[in-house]
Amino acid sequence: QCLFATPLKTLCGVDSRRGFGPKARPHLSEPAMLSKLALAHDAKRAALTEESEKARKAAVVSANAVADAAMAPINARMRQVCENHRVVEQESRQLQVQSARFARQVHGWLGAVELFNHTVKDQLCDMEHWAHDLEADMTQMTAQLDELRTTPMPL
């Protein structure tokens, strides 16, 4: 748009009917014009502040939505990790209890095996002693039978 086609009043705030130059008077008095400009500036500033606040709130909402969307899979995975950790801890406690029970059972078995081994050794020792005594008795009986056979019998 050409500047020459724009009314002079809108370009410089001067009514074109009053003319230009040092004697030309503005449409409004200067204090009223400054007051009006200050009010317009304040209104414009308030509107910009409100608009920037709305934009900031929208940006915060949007950033929160993006952060939530980005964190959702991570949070889901962390929940899964925590659940797995809880299950592992529970199974670990159960394994400790079962291990302690198994250790007591094995200790009992070892005691029984040691008692059996000791008993078998005692029985073997007794059996060896018995076999030795039996052998001595058999040797004595054989010697007596040989003596009886070699001695003539009286008629």
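Residues numbered from 1 in each chain as written. Predicted model: local features only at pLDDT ≥ 70, side-chain atom pairs only at ≥ 80, totals over all residues. Heavy atoms only, no water.

Colleague: An account of the confidence of the model for the chain is needed here, citing residue identities and associated values.
Modeller: Model confidence for the chain is summarised by a mean pLDDT of 83, while 81% of its residues fall at 70 or above. Under a pLDDT of 50 for its full length, residues 1-22 has, in the predicted model, 17 contacts with residues more than four places off or in other chains. (pLDDT = per-residue confidence, 0-100. Contact = heavy atoms within 4.5 Å.)

Colleague: Requested: an account of the pattern of salt bridges, with residues and values cited.
Modeller: If you walk through the whole model with that rule in mind, you get 4 salt bridges. In this structure, the salt-bridge partner of Glu 53 is Arg 56, at a minimum N-O distance of 2.6 Å. Taken as a pair, Glu 53 and Arg 56 lie in helix α2 (residues 30-150) at a separation of 3 residues, close to a single helical turn. What makes Arg 56 partly exposed here is its relative accessible area of 45%. Note that Arg 86 is salt-bridged to Glu 83, the shortest N-O span being 2.5 Å. Placement of both Arg 86 and Glu 83 in helix α2 is noted, with a separation of 3 residues, approximately one turn of the helix. (Salt bridge = Lys/Arg side-chain N within 4 Å of Asp/Glu carboxyl O. Helix = DSSP H or I, 4+ residues; strand = E, 2+ residues; numbered from the N terminus. Buried < 20%, exposed > 50% of the residue type's maximum accessible area, 1.4 Å probe, protein only.)

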